[in-house]
Amino acid sequence: MVVDELREAALNLLAALEPLQRKAITAPFDTPDHQQWTYLPGDRPGLTLAELDAEQRQLAMRLVELTCSERGLADATSVMFAEAIRRDLPQAQPGSTIDVATDQRYYLRILGDPAGSEPWAWRINGHHLALHLTLVDGAIALTPQFFGSEPATVLSGPHKGLRTLPAEQDLGFALLAALEPGQRDVAVVSEEAPHDILTRYDPVADPRLLHRGLPYGDMNADQRQLLSLLVGQYVGRAAGPIGLQSWQEITEAGIERLTFAWAGGSEPGQGHYYSVAGPTFLAEYDNTQDDANHIHSVWRDLRNDWARDLLAAHYAQH
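Residues numbered from 1 in each chain as written. Predicted model: local features only at pLDDT ≥ 70, side-chain atom pairs only at ≥ 80, totals over all residues. Heavy atoms only, no water.

Observations regarding the nonpolar core
1) Next: Counting 69 residues, the largest nonpolar core has Leu6, Trp122, Phe260 and Phe281 as the members making the most contacts within it.
2) Next: Counting residues per element, this core draws most heavily on helix α1 (residues 2-16), which supplies 7 residues.
3) Next: When sequence neighbours within four positions are dropped, the list of residues in contact with Phe281 reads Val231, Tyr234, Val235, Ile250, Leu258, Val276, Trp299, Arg300 and Leu302. (Core = buried A, V, L, I, M, F, W, Y, C linked by side-chain atoms within 4.5 Å. Buried < 20%, exposed > 50% of the residue type's maximum accessible area, 1.4 Å probe, protein only. Helix = DSSP H or I, 4+ residues; strand = E, 2+ residues; numbered from the N terminus. Contact = heavy atoms within 4.5 Å.)

Some remarks on the packing of aromatic side chains
1) Next: Applying the stated rule across the entire model yields 9 aromatic pairs.
2) Next: Relative to Phe146, the ring of Tyr39 has its centre 4.1 Å away and its plane inclined at 5 degrees; by these criteria the two rings are stacked. Placement of the pair is Tyr39 in the loop between β1 (26-27) and β2 (47-48) and Phe146 in strand β7 (residues 145-149), with a sequence separation of 107 residues.
3) Next: With a centroid separation of 6.1 Å and 20 degrees between ring planes, the pair formed by Trp262 and Tyr274 is classed as stacked. Here the residue Trp262 occupies a position in strand β10 (residues 259-264), and Tyr274 occupies one in strand β11 (residues 272-277), the gap between them amounting to 12 residues.
4) Next: Put simply, the rings of Phe173, Phe260, Trp262, Tyr274 and Tyr285 touch in pairs and so form one group of aromatic residues.
5) Next: The ring of Phe147 has Arg237 lying over it, and the distance from NZ or CZ to the ring centre is 4.2 Å. (Phe/Tyr/Trp six-rings, centres within 6.5 Å; stacked < 30°, edge-to-face > 60°. Lys NZ or Arg CZ within 6 Å of the ring centre and 35° of its normal.)

Some words on empty space enclosed by the protein
1) Next: All chains considered together, the criterion is met by 1 cavity of 30 Å³ or more.
2) Next: Of the voids in this model, the largest cavity is the one considered here, and its volume is about 50 Å³.
3) Next: Of all elements in the fold, only α8 (240-252) and β13 (295-301) reach the threshold of two or more residues within the lining of the largest cavity.
4) Next: Sorting elements by how many residues they give to the lining of the largest cavity places α8 first, with 3 residues. (1 Å grid on protein atoms, 1.4 Å probe; cavity = no way out; pocket = protein on both sides within 12 Å on 5 of 7 lines; lining within 4 Å. Points joined across faces, edges and corners; volume = space filled by probe spheres on them.)

Description of the pattern of salt bridges
1) Next: A complete count under the given rule lists 12 salt bridges for this structure.
2) Next: Among the ionic pairs, Asp33 bridges to Arg109, the shortest N-O distance being 3.2 Å. Note that Asp33 is positioned in the loop between β1 and β2 and Arg109 in strand β3 (residues 107-111), a separation of 76 residues in sequence. Neither residue differs from the other here; Asp33 and Arg109 are each classed as buried.
3) Next: Where Glu65 meets Arg62, a salt bridge forms, and the shortest distance between an N and an O atom there is 3.4 Å. With Glu65 and Arg62 both in helix α3 (residues 54-67) and 3 residues apart, the pair spans about one turn of that helix.
4) Next: Looking at Glu65, the relative accessible area reads 35%, which means it is partly exposed. (Salt bridge = Lys/Arg side-chain N within 4 Å of Asp/Glu carboxyl O.)

Encoded structure:
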C-alpha cells in the first residue's frame, strides 16, 4: 500500500541524515507554522535538496515518486528543470547527466513521526513547486498543491521551444474555444486577467474570491469532456489511489456543480486566467507575468486541504 511505502520512504530518508540535517527537516505535527506555505522564491523551514548528498537526494525524491503519478512526477521534474534553466544550473546544459534536483532550493520537511500511529505529514516546497501530503489513519490528503514555471516556454538558448505544464494551458484554451457565444458571455468574467491566482498561498482557500462562471450542467457533451479532462489534469498529478479518491469525491459532491470561469485574452501570448470550482474542488491557472510566459497553477481541496476533514474525524475518535 502507498501509505506503508510512504512511511518506509520517510524513515529511510531520516535514517540517512546526519543529526543536524534531521533536526532541520523534522518538526512536531502541530507546529504553529504547519499551514504556512508559499510558491514564491525565498527561504522556508526545512532542509533543501541542495543540502543533501546524492544518496540522500535519491531517498528524498522517492517520496516525490510515491506521492505523484507518473505524469505528476514528470510535471514536478519539469518544474525543477525549468528552474534550473532560469538559474543557469549545470544540469540545464545540453547533454548534462547531473541530477535535476542537484543544488535546488526546494525545502523538505517531515511533520510528526512516520513510525508512530498518529497523523504525520511530509512536504516539498520551493519556487513554483509545493506538495503537501498528510497521512491520517491510513488515508491521505495531497493539497494544497502548486505547480508553476518561469518561463512557461523557453524563448532562447539550447532549450528554445521547451514548454512546461503545456496541457494546463492547452486544455483551458480548448474549452474556451469550444463554447458557444452565449456560454462564453457567462464564462468570461473579465477582459483582463488578474496578476496572480486569487487564492494565493492562503492557508485556507476562500472560493468566494472566485467568479462563478459557466456551470458544467450548462455545457454540451464535448464541453463537459474538456472540463473533465481539465480537472483530471490537476487531480491526475497525484498517485493513482489518491487521485482516484479525489475524483470520486468531486463526482459524489456533484460534478454538475463544477463551474469554469475565464479572464483575459483568448490566445497564447496574451495574459489569461481560469478557475474551476465546485463544492470540494478548486483549481486556478494564471499566466500573465513576464509577457504571459510565467505559469501559476494550484489545486485546493475545499474540505480536506491539510487533511482537515480526516483530522477532525481522527481527533473525534481519539
